[in-house]
Amino acid sequence: MPVSLDNLLVVGISSRALFDLEAEEAIFRNQGLDAYRKHQIENENEILKLGAGFALVRALLKLNALVHNRRFVEVVIMSRNSSETSMRIFNSIKHYDLDITRAVLSGGAPLAPYLRAFNVSLFLSLHEDDVQASIDSGVAAALLYQKPENAFEELDQIRIAFDGDAVIFSDESERIYQEQGIEAFEHHERENATRPLPEGPFARLLKALSYIQNNFKSADGRSSPIRTALVTARSSPAHERVIRTLRAWDVAIDETFFMGGVAKSDVLAAFKPHIFFDDQPGHCDRAAPLVQTGRVPLRNLPL
C-alpha cells in the first residue's frame, strides 16, 4: 500500500530556504542556467551552509524521535532545480543528518501545483512568486527573510509565533481596517464579537501543532516540545473575538500578546521563536534582525 501523509505535519521547503544558496542564485541570475548547472555539478561534494529555514526544520524533525515508531512531521524538499543539479542538496542533507527522503525537483516549473499532492501544511521559500501562488491555492506559505545572527541558537522547545489577522485568521477584518480605518474595524469587531473569525491561511498549521501538543500534555503545561504564541496588533475591544474564535476551534495558544499598536519586536526577542509569521512588511522588517521571520502575502482575490 502507498504511504499516506494525511495525518502528518508536512513542511515543504525550497532548497534555497533550507541552505544558503545566495551565491549560487547570483550565478543563475547573472550568468544563466548553464553557468549555474556547471557550478553545482563541479561543487556537488562541497557542503552547503545553513539557510534561513534550517533551524525550524531541524527542530521539527526531532519530534519524530520522541515516540517510538511514530512520526509527526515530514519534510519535503521542493526545488526548481533539476535532478542533474540536485546532488549537492542531497549530499548536504546527508551531511547534516536530516531525516528528509522526499523531494520535488521541478526543473524550473512552478512548485505550487505539487503542494497538495504531498499534503503540504506549510511551504517556506525565498521565491516570492512561489509563495504567492501557494497562498492563492489555499496552502500556508511564507517568504523567509535572511536569518538573524542568533538563528541557530539551540532551544529546548520548538517555538512558533503568529500574527492574527491575515495569518491565523482570514484577512476580512484586516481589509476593513486598511480600507475604512480603526473606528470601522473596532465597530465591526464589536458587532461580530460572538461570531468566530473565518480561518486564515495558517489556521490548519496551528491546528496541526495543537494536535501534536495534545500528545505531550503535562501538568504544568510548559514541558511540551512545542510552544506557540499569538502576537497581534489587536487590543480591547477587538480581543474578545480572537479569544472566542480559538475557543470555538478548540485550540489553545500558549502565550498571547495583544499589542494595541506597540511594536512587536521586543516581545518576539523575549519569546525567541524559531520563526515568526506576519503579513505586514513593516512588522516583518522590524522583527527580522531579531528572530527568524516569514512574511505571509495577502491572498489575491479572484476577479
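What counts and what doesn't
- Residues numbered from 1 in each chain as written.
- Predicted model: local features only at pLDDT ≥ 70, side-chain atom pairs only at ≥ 80, totals over all residues.
- Heavy atoms only, no water.
- Helix = DSSP H or I, 4+ residues; strand = E, 2+ residues; numbered from the N terminus.
- Rg over C-alpha atoms; globule rule 2.2 N^0.38 Å.
- Buried < 20%, exposed > 50% of the residue type's maximum accessible area, 1.4 Å probe, protein only.
- Contact = heavy atoms within 4.5 Å.
- Areas by Shrake-Rupley, 256 points an atom, 1.4 Å probe, with all protein chains shown as cover.
- Lys, Arg positive; Asp, Glu negative; His and termini not counted.
- Charge placed at Lys NZ, Arg CZ, Asp CG, Glu CD.
- Core = buried A, V, L, I, M, F, W, Y, C linked by side-chain atoms within 4.5 Å.
- Polar contact = N/O pair within 3.5 Å; in protein donor to acceptor, adjacent residues only side chain to side chain.
- Salt bridge = Lys/Arg side-chain N within 4 Å of Asp/Glu carboxyl O.
- Arc of directions from axis to C-beta.
- Axes fitted to C-alpha atoms, helices over the stretch in contact; angles between N-to-C directions.
- Parallel < 35°, antiparallel > 145°, perpendicular 65-115°, else oblique.
- Nonpolar A, V, L, I, M, F, W, Y, C, P; charged D, E, K, R; others polar.
- pLDDT = per-residue confidence, 0-100.

1. Examining the overall build of the protein
Piece 1. A tally of helices and strands in the protein yields 12 helices and 10 strands.
Piece 2. Expected size for 303 residues packed as a compact globule is a radius of gyration near 19 Å; at 20 Å, the protein falls within 12% of this value.
Piece 3. A buried classification covers 51% of the 303 residues belonging to the protein.
Piece 4. Relative to all contacts within the protein whose residues are 6 or more apart in sequence, the contacts with residues 24 or more apart total 76%.
Piece 5. Accessible area of the protein: about 14,600 Å², with a carbon and sulfur share of 50%.
Piece 6. The protein carries 33 positive and 41 negative side-chain charges, and their two centres are separated by 4 Å.

2. Observations concerning the nonpolar core
For soluble globular proteins, nonpolar side chains are generally found buried alongside one another.
Piece 1. In this structure, Leu9, Leu18, Ile100, Leu124, Phe162, Phe202 and Phe277 are the most contacted members of the largest nonpolar core, which totals 72 residues.
Piece 2. If we ignore the near neighbours within four places in the chain, the residues touching Ile100 are Leu18, Val57, Leu61, Val75, Ile77 and Ile93.
Piece 3. The next biggest cluster of nonpolar side chains, apart from the first, holds 10 residues, and it includes Leu268, Phe276, Ala287 and Val291.

3. Some remarks on the environment of Arg195
Piece 1. Tracing the sequence through the fold places Arg195 in the loop between α8 (182-191) and α9 (203-214).
Piece 2. Take Arg195: its relative accessible area is 37%, and that puts it in the partly exposed class.
Piece 3. When the C-alpha atoms of Arg195 and Phe257 are compared, they prove to be 21 Å apart, with 62 residues separating the residues in sequence.
Piece 4. Not counting residues within four places of it along the chain, the set of residues in contact with Arg195 comprises Glu172, His188 and Arg241.
Piece 5. There is a polar contact of 3.5 Å between the side chain of Arg195 and the side chain of Glu172.

4. Here's the deal with the pattern of salt bridges
Piece 1. On inspection of all chains with the given rule, the structure shows 26 salt bridges.
Piece 2. One salt bridge in this structure joins Arg80 and Asp129, with 3.4 Å as the shortest N-O distance. Of this pair, Arg80 sits in the loop between β2 (73-79) and α5 (87-95) while Asp129 sits in helix α6 (residues 128-136), and the two are 49 residues apart along the sequence.
Piece 3. In this structure Arg80 comes out as partly exposed when scored by relative accessible area, which is 31%.

5. What about helix α2 (residues 22-31)?
Note: α-helices contain 3.6 residues per turn, so residues at a spacing of three or four share the same orientation.
Piece 1. Among the residues of α2, those classed as buried are Glu24, Glu25 and Ile27. With its buried residues spanning 155° around the axis, α2 presents them on a single face. Pointing more than 90 degrees away from the buried face of α2 are the exposed residues Ala23, Arg29 and Asn30.
Piece 2. In this structure, the buried residues of α2 make contact with α1 (15-18), α3 (33-42) and α5.
Piece 3. Positive phi appears at Gly32, one or two residues downstream of α2, with a value of about 100°.

6. What about the packing of α2 against α3?
Piece 1. Packing of α2 against α3 brings their axes to within 7 Å, and their N-to-C directions diverge by 150°. Taken together, the axis directions place α2 and α3 in an arrangement best described as roughly antiparallel. Mapping the contact onto sequence places Glu24, Ile27, Phe28 and Gln31 in α2 and Leu33, Ala35, Tyr36, His39 and Gln40 in α3.
Piece 2. Grouping the constituent residues of the contact of α2 with α3 by class yields 5 nonpolar, 3 polar and 1 charged.

7. Description of the confidence of the model for the protein
Piece 1. When pLDDT is averaged along the protein, the result is 90, and 94% of the positions lie at 70 or above.
Piece 2. For the protein, helix α7 (residues 172-180) is the element with the lowest average pLDDT, namely 83, and strand β5 (residues 141-144) is the one with the highest, namely 98.

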